[in-house]
Amino acid sequence: MHRAIAPTLLLACGLALPTVTTAEEVTSFTLDNGMDVVVIEDHRAPVAVNMVWYRVGAADEPAGKSGIAHFLEHLMFKGTESLEPGEFSSTVELNGGSDNAFTSQDYTGYFQRVAADRLGLMMEMEADRMTGLQLTDAEVLPERDVILEERNQRVENSAGALFGEQMRAAQYFNHPYGIPIIGWKHEMEGLGREDALDFYSEYYAPNNAILIVAGDVEPEEIRTLAEAHYGAIPANPDLPDRVRPQEPPQRAERRLSFADPRVGNPYVKRTYLAPERNSGAQQEAAALVYLAELLGGSSASSLMGQMLEFDEKSALYTTAFYDGLSLDATTFTLLVMPVEGRTLAEGEADMDRAIARFLEEGVDEATFERLKMQLRANEIYRKDSLQGLARSYGEALTSGLTVEDVQAWPEVLQKVTPEDVEAAAARLFDRANAVTGYLEKEELAMLTETAQ
Amino acid sequence: MIRFVLAVTLTLFATLPARAEIDILEVESPGGFKAWLVEEHSIPFVALELRFRGGTSLDAPGKRGAINLMTALLEEGAGEMDSQAFTIATESLAAEFRFRAHDDAVAISVKVLTENRAEAMELLRQALIEPRFDEDAIERVRSQVLAGIMSDATDPEAMASRRFHELAFGDHPYGSVSDGTVDSVTALSRDDLTAAHGAVLGQDRVFASAVGDITAEELTDLLDTLLGELPATGAPLAERIDYSLDGGLTLVDFDTPQSVILFGQRGLERHDPDFFPAYVMAQILGGGGFSSRLMEEVREKRGLTYGIGAYLYPMDLSEMFMGMTSTVNARAGETVAVIRDEWLRLAEDGVSAEELERAQTYLTGAYPLRFDGNGRIANILVGMQMDALTPDYIRTRNDRINAVTVEDIQRVASELVDLDGLHFVVVGKPEGLEATN
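Residues numbered from 1 in each chain as written. Chains lettered and ligands numbered in written order. Predicted model: local features only at pLDDT ≥ 70, side-chain atom pairs only at ≥ 80, totals over all residues.

### Some thoughts on the overall build of chain B
Here is the rule: In this text, helices come from DSSP runs of H or I with a minimum length of four residues, and strands from runs of E with a minimum of two, each type numbered from the N-terminal end. Throughout, the radius of gyration refers to the C-alpha atoms, and the reference size of a globule is 2.2 Å times the residue count to the power 0.38. Two residues form a contact once the distance between their C-beta atoms, set from the backbone, is within 7 Å.
Within chain B one finds 16 helices and 13 strands. What you see for chain B is a C-alpha radius of gyration of 24 Å, in line with the 22 Å of a compact globule of 437 residues. Considered along the principal axes of its C-alpha atoms, chain B spans approximately 65 × 55 × 35 Å. Partitioning the contacts of chain B with sequence separation of at least 6, the portion at a separation of at least 24 is 85%.

### Focus on the overall build of chain A
Let me state the cut-off plainly: To sort residues by exposure, count the other C-beta atoms lying within 10 Å of each residue's C-beta; 20 or more gives buried, 12 or fewer gives exposed, and values between give partly exposed, all with C-beta atoms placed from the backbone.
The secondary structure content of chain A amounts to 15 helices and 12 strands. The C-alpha atoms of chain A give 23 Å as radius of gyration, which agrees with the globular expectation for 452 residues (22 Å, within 12%). When each of the 452 residues of chain A is scored for burial, the buried share is 56%. Long-range contacts, defined as pairs at least 24 residues apart, comprise 82% of the intrachain contacts of chain A with a sequence gap of at least 6.

### Structural notes on the pairing of strand β11 (residues 330-338) of chain A
Residues and elements named next belong to chain A. Threshold: Each pair of strands is called paired provided DSSP finds at least two bridges between the two strands.
The buried fraction of β11 is high, at 9 of 9 residues. Bridge count between strand β9 (residues 267-274) and β11: 7 bridges; the pairing is antiparallel. Looking at β11, one finds that lysine 269 is bridged to leucine 335. Relative to β11, strand β10 (residues 315-322) runs antiparallel, the two being bridged by 7 bridges. Following the sheet pairing, alanine 315 is matched in β11 by proline 338.

### Focus on the environment of glutamine 283 of chain B
Looking at where glutamine 283 of chain B falls in the secondary structure, it is placed in helix α10 (residues 275-286). Every residue in contact with glutamine 283 of chain B, bar those within four places of it in the chain, is listed here: Ala359 and Leu363 of chain B.

### Notes on helix α5 (residues 135-153) of chain B
Heads up, the condition is: Expected helix span is taken as 1.5 Å per residue step, with the number of steps being one fewer than the number of residues.
Taking 1.5 Å of rise per residue, the 19 residues of α5 of chain B would be expected to cover 27 Å, and the 27 Å separating its terminal C-alpha atoms lies within 8% of that figure. Considered for burial, the residues of α5 of chain B that qualify are Ala137, Ile138, Arg140, Val141, Leu146, Gly148 and Ile149 of chain B. On the buried face of α5 of chain B, the contacting elements are α10 (303-311) of chain A together with α2 (66-73), β4 (77-78), α3 (83-92), α7 (182-187) and α8 (190-200) of chain B.

### So, the sheet that holds strand β13 (residues 423-428) of chain B
All names here are of chain B. Threshold: Helix axes are fitted only over the stretch in contact, all axes being lines through C-alpha atoms; the angle between N-to-C directions runs from 0 to 180 degrees.
Read from one edge to the other, the open sheet built from 5 strands follows the order β9-β13-β10-β12-β11, with strand pairing classed as mixed. The open sheet has two edge strands with one neighbour each: β9 (248-253) and β11 (308-314). The mean inter-strand angle of the sheet, taken between neighbouring strand axes irrespective of direction, is 15°. Relative to strand β12 (residues 319-328), strand β10 (residues 258-266) runs antiparallel, the two sharing 9 bridges.

### Comments concerning the interface of chain A and chain B
Rule in force here: Under the scheme applied, nonpolar residues are Ala, Val, Leu, Ile, Met, Phe, Trp, Tyr, Cys and Pro; charged residues are Asp, Glu, Lys and Arg; polar residues are all the others, including Gly.
On the chain B side, the residues contacting the 59 residues of chain A number 68 residues. If you list the elements that add at least two residues to the side of chain A that touches chain B, you get α2 (87-94), β6 (108-115), α4 (137-156), α10, β10 and α12 (365-381) of chain A. The dominant element in the side of chain A that touches chain B, judged by the number of residues it contributes, is α4 of chain A, at 9 residues. In the side of chain A that touches chain B, the residues fall into 21 nonpolar, 21 polar and 17 charged.

### A few points about the packing of helix α9 (residues 283-296) of chain A against helix α15 (residues 418-428) of chain A
Residues and elements named next belong to chain A. Going by this rule: Between 65 and 115 degrees an angle is taken as roughly perpendicular, under 35 as roughly parallel, over 145 as roughly antiparallel, and anywhere else as oblique.
For the pair α9 and α15, interaxial distance at closest approach is 8 Å and the crossing angle is 90°. It follows from the interaxial angle that α9 and α15 lie roughly perpendicular. For the pair α9 and α15, the contacting residues are Gln283, Glu284, Ala287, Leu288, Tyr290, Leu291 and Leu294 in the first and Asp420, Val421, Ala424, Ala425 and Leu428 in the second. Class assignment for the residues of the contact of α9 with α15 results in 9 nonpolar, 1 polar and 2 charged.

### Examining the pairing of strand β1 (residues 25-28) of chain B
Residue and element names in this part refer to chain B. Looking at chain direction, β1 and strand β2 (residues 34-39) are connected through 4 bridges and run antiparallel. The residue bridging glutamate 26 from the neighbouring strand is tryptophan 36, located in β2. Taken together, β1 and the strand that follows it, β2, pair antiparallel across an intervening segment of 5 residues, in which glycine 32 is found at a positive phi of about 95°.

### Focus: the nonpolar core
Basically, it comes down to this: Linking buried Ala, Val, Leu, Ile, Met, Phe, Trp, Tyr and Cys residues through C-beta atoms within 7 Å yields a set, and such a set is a nonpolar core. Each domain's extent is set by a domain assignment, obtained either automatically or from a database.
Core analysis: the biggest nonpolar cluster contains 268 residues, and Leu288 of chain A together with Val280 of chain B have the highest contact counts within it. The element contributing the most residues to this core is α9 of chain A, with 10 residues. A domain-level breakdown of this core finds at least three residues from each of domain 1 (2-227) and domain 2 (248-428) of chain B. The residues touching leucine 288 of chain A, leaving out its near neighbours within four places in the chain, are Ala274, Tyr322, Gly324, Phe332, Ala424 and Leu428 of chain A.

### Digging into the sheet that holds β1 of chain B
Residue and element names in this part refer to chain B. Pairing is mixed in the open sheet, where 6 strands are placed in the order β1-β2-β8-β3-β7-β6. Of all the strands in the sheet, just β1 and β6 (96-101) have a single pairing partner and so form its edges. Taken over all neighbouring pairs, the strand axes of this sheet differ in orientation by 15° on average, direction set aside.

### Some words on helix α14 (residues 403-415) of chain A
Residue and element names in this part refer to chain A. Note the following rule: To get the bend at a residue, fit one axis to the 7 residues ending there and another to the 7 starting there, then take the angle between the axes.
When the terminal C-alpha atoms of α14 are compared, their 19 Å separation across 13 residues agrees well with the 18 Å that a helix rising 1.5 Å per residue should span. A maximum bend of about 40° is found in α14 at tryptophan 409, where proline proline 410 lies one to four positions downstream. Those residues of α14 that sit buried are Asp405, Val406, Ala408, Trp409, Pro410 and Leu413.

### Observations concerning unusual backbone geometry
Residue and element names in this part refer to chain B. Of note, the phi angle at phenylalanine 133 is positive, near 50°, even though the residue is not glycine. Not every positive phi belongs to a glycine, and alanine 388 is a case in point at roughly 60°. Examined against the element boundaries, alanine 388 turns out to sit in the loop between α14 (374-386) and α15 (393-402).

### Description of the environment of alanine 435 of chain B
Residue and element names in this part refer to chain B. Looking at the element boundaries, alanine 435 is found in the segment after β13. Taking the C-alpha atoms as reference points, alanine 435 and leucine 249, 186 residues apart in sequence, are found 5.0 Å from one another. Every residue in contact with alanine 435, bar those within four places of it in the chain, is listed here: Leu249, Thr250 and Leu251.

### Quick word on the confidence of the model for chain A
Residues and elements named next belong to chain A. Operational definition: Residue-level confidence of the predictor is what pLDDT reports, using numbers from 0 through 100.
The pLDDT averaged across chain A works out to 92; a share of 93% of its residues lies at or above 70. Across residues 4-22, where pLDDT falls below 50, the model places 51 contacts with residues more than four positions away in sequence or in other chains. Predicted confidence for residues 446-452 stays below pLDDT 50, and this span has 12 contacts to residues more than four positions away or in other chains.

See the structure below:
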């Protein structure tokens, strides 16, 4: 779907990044007005991706205005002095390209996929809307209905998504990561033109933006184009520092349960507050990447999968995931979907037994070596996706990391030892930092349309 | 309309699309297996795509879900290896195998590193030729499939799709979900899975493509090794079925805030002489991007939805012209009315020259952008073979798009686009709608 919210929970092993030795051709520089530029060369096809990332996301919103970062992202297609509403996308299409945008807690990104010789036009339009957005209620109000329908589609129509929202809200006492990216419905309903323009003028500026161009391009050519189109836009001297309210020490475990008749398969989920990747200090996050795979990676080779799905046959499905790309503290998630006839309390006990066993027995060396091999192979496979490469740089650079951090990451991953993983697990599994949630099926007297 | 004119003038001199420049080699192995190859040696891995025509439409009577379950079990143990041993072997080589069962084909997508290609392909060979179907693996995967069926039973989009297919295709395999039902999947035996394996994975219906770090000789050797021991023939393909649903509206009452709306009518065969005019027409009505008529009228002007699309849906054994959207229950009646208006407008008035030119520019420009990445190219190439296209189609396809005229679309629209034949399936608690049956 279009103009989408970026997934916040990506499987960590899919995010492995290049080694210095096998790195793709990457060049980076900064324009005089503070705009960062990253160029990734791939000359296999005459195609390019043009991306502008802003270091602002849902977690930077003012209180009471949840959803405004994402709403603004939609409104960025509604015109400037020189472009009519909708003309941005139609111009991209008229050049045989496609465009879209996405919003997360930490970033907002806009991109076009085009033939490489159309980059100049894309940059011209992207620069135009960096500071030249014009909005009227005739455009803003129907678009507010669109984002409310987006919320309906993604969240209100899905019991699992509603449950996830409650879990996150319980995980963060003080940090805005507890507020959904798309916004709370009652606040979305009150968002308007002024809210969008206020947020826009505060955060959209070249010194808060990163240009990423990937494809059949030369760095010098991109430098010339970028200076011509973006270089003329003045920096915003009043750009606020990126400081969000941080979590206090979490001292009490939180538990919740949510029941809905639309639940097909009940499950128990637990999230622990977890450290993220930090510039120059990615070791702890790298260890947690292994931990997630060891506990809940593939069913046949992870601890929870082997123990609960294969040996005891007590779970239909188990998983663990961790995404270290985050500006502030992130989460580590475990999930157990018990087999029919088994309660969620039993499912939770199964999860806890798996954790206890891991802490007691430690890392399985053979599995650890296989994971290392797979992470190395990812470096090869990931080069096949231009868009994926470009996105991995954008996500990192808007999450407080540098190009050097991105390029060091594969080596950081290769240097992790089993002892590192065990130590990281011992620090992570503190129930005072955790939220445990039960998603249950609410039984109704009669449901029309049930399973055939 | 003013802004369309502006946009066109802005880009008048910038409409030459990039060319998709790939060299396809058609190879044939000593054992008689054909494949399309694109050599791309800059990254040390190869993407291999295999398709077995027939897919879940080959489920035997009363055995719905057998082919889906069988396909899921191909990676759950083979030869001397049980499920865990097979996974460990695969992970040790960092090979990626994906096995999926579709209505018309069982699809196998493979990525393997050059450094250990022979070992990885030996694993794949065993999965294809000697799957074990161990009882404990069957039970474990069966319970996962059943969980998916239970989950879909209360998922509004899955509910809408299921009902639409039942109405359109009845007892034909297209009329039911390929996962099967709780009852049919529960009743499947190991013998049913063995039979499903023999019915689907025949040498007489396999299509292959490879893109990446492999030579023609390496590929042909590989095809003989991988496929040479499969049964010569599979089960006879299923019969064609004509789409037979009348126009109207079917309500599926379900307590959820947003109504899911699926709509459709009869479609057009992939090789119909009018396919290209119809394809461009469908792009103008509801194609990808933000400027289709349906996006403009339903989303941009009225804010009724987050997304809406319509597309031709040709299958091997039938064809549809389908669309989908979703809106808050209170506005479902308005949304259906707008879609119906657009259907009628298209049937009566066709499209304008401007709309046609915009669509042609978009479609011809977007086409080469699809060829980015070994996996994606391999996927396109195997699909072309199943559609009985030749490699030179890639060079001529844009010419066929550009040859479409306003008059072609007018004629096709008046013949094909049929408001009286348009059927809606709505799942939710929609307001302002009444069922016709």
